[in-house]
Amino acid sequence: MLEGKAYVKDTDMPLKMQVHAMDSASQALDLYDVVECTTIAAYIKKEFDSVYGGGWQCVVGTNFSSFFTHSKGSFIYFSLETLNFLIFKVCQVRIQLPLVFGFKTYALRIVAELERKSVAVGHSKSKSVGVGISF
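All values reported here derive from a predicted model rather than from experimental measurement.

Structural notes on the overall build of the chain
Alright, step 1. Across its full length, the chain holds 3 helices and 7 strands.
Alright, step 2. Listing every helix and strand of the chain by position from the N terminus yields β-α-α-β-β-β-β-α-β-β.
Alright, step 3. Burial analysis of the chain (135 residues in total) assigns 39% to the buried set.
Alright, step 4. Taking all contacts inside the chain whose residues are at least 6 apart in sequence as the whole, residues at least 24 apart take part in 60%.
Alright, step 5. As displayed, the chain offers around 8000 Å² of accessible surface, 56% of which is attributable to carbon and sulfur atoms.

This is the structure:
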């Protein structure tokens, strides 16, 4: 396992899950060359899907921008060695509505549910630029 120290730039994950994320990244870097970012990301995503259930996303690279909505308690952005790692679980919302609801009521319910269950996070060129509620 790599001996390099990971630096957490932003997170809302529980500590145990953070450690698992950084350990998974370290294991992936032991298995794959640092230029194989897609393979490294796939390894971490599959690990998180198998342990914490489906819906995880992983981005690995040296320079990337992102804006996404994630489930609360499922986001980490950290660096290890020369790479940056972004891991998060997508927000899954299920709303059951009768067919008689109008479009406006339907849209308002979706907005309220997303606001309650998710957080939007933006990153630009591997630097945190903001955290807020999004719908």
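Some words on unusual backbone geometry
Alright, step 1. Phi at E81 takes a positive value of approximately 60°, unusual for a residue other than glycine.
Alright, step 2. Here E81 shows up in the loop between β4 (76–80) and β5 (83–89).

Focus on the pattern of salt bridges
Should their charged atoms come close, side chains of opposite charge can pair.
Alright, step 1. In total, this model carries 1 salt bridge according to the counting rule given.
Alright, step 2. Between K45 and D49 there is a salt bridge, with its nearest N and O atoms 2.5 Å apart. Linking K45 with D49, this pair stays in helix α2 (residues 37–52), spanning 4 residues, or about one helical turn.
Alright, step 3. By relative accessible area, D49 is classed as partly exposed at 22%.

Quick notes on the packing of aromatic side chains
Alright, step 1. Taken as a whole, this structure holds 6 aromatic pairs when the rule is applied.
Alright, step 2. Residues F48 and W56 carry aromatic rings whose centres are separated by 4.9 Å and whose planes lie at 65° to one another, so their mutual orientation is edge-to-face.
Alright, step 3. Residue classification places W56 among the buried positions, given a relative accessible area of 2%.
Alright, step 4. An angle of 80° between the planes, with centres 6.2 Å apart, marks the rings of F64 and Y77 as edge-to-face. With F64 in the loop between β2 (56–61) and β3 (66–71) and Y77 in strand β4, the pair connects residues that are 13 residues apart, well separated along the chain.

Here's the deal with the nonpolar core
Alright, step 1. The biggest cluster of nonpolar side chains holds 21 residues, and the ones touching the most others in it are I40, I44, F48, V60, F78, F85 and I87.
Alright, step 2. Those elements that place two or more of their residues in this core are α1 (15–31), α2, β2, β4 and β5.
Alright, step 3. The biggest single contributor to this core is α1, with 6 residues.
Alright, step 4. Contacts of V60, omitting those with residues within four sequence positions, involve C37, I40, A41, L83, N84 and F85.
Alright, step 5. Judged by nonpolar contacts, the second largest core, of 6 residues, contains F64, Y77, L86 and F88.

Quick notes on α2
Alright, step 1. Compared with the 22 Å implied by 1.5 Å per residue over 16 residues, the 22 Å span of α2 between its first and last C-alpha is a close match.
Alright, step 2. Taken residue by residue, α2 has C37, I40, A41, I44 and F48 as its buried positions. Projection of α2 onto a plane perpendicular to its axis shows the buried side chains occupying an angular sector of 95°, all on one side. Turned more than 90 degrees from where α2 packs its buried face, T38, K46 and S50 sit exposed.
Alright, step 3. Where α2 is buried, its residues contact α1, β2 and β5.
Alright, step 4. A positive phi of about 90° marks G53, the residue just after α2.

Conventions adopted
- Residues numbered from 1 in each chain as written.
- Predicted model: local features only at pLDDT ≥ 70, side-chain atom pairs only at ≥ 80, totals over all residues.
- Heavy atoms only, no water.
- Helix = DSSP H or I, 4+ residues; strand = E, 2+ residues; numbered from the N terminus.
- Buried < 20%, exposed > 50% of the residue type's maximum accessible area, 1.4 Å probe, protein only.
- Contact = heavy atoms within 4.5 Å.
- Areas by Shrake-Rupley, 256 points an atom, 1.4 Å probe, with all protein chains shown as cover.
- Salt bridge = Lys/Arg side-chain N within 4 Å of Asp/Glu carboxyl O.
- Phe/Tyr/Trp six-rings, centres within 6.5 Å; stacked < 30°, edge-to-face > 60°.
- Core = buried A, V, L, I, M, F, W, Y, C linked by side-chain atoms within 4.5 Å.
- Expected span 1.5 Å × (residues − 1).
- Arc of directions from axis to C-beta.

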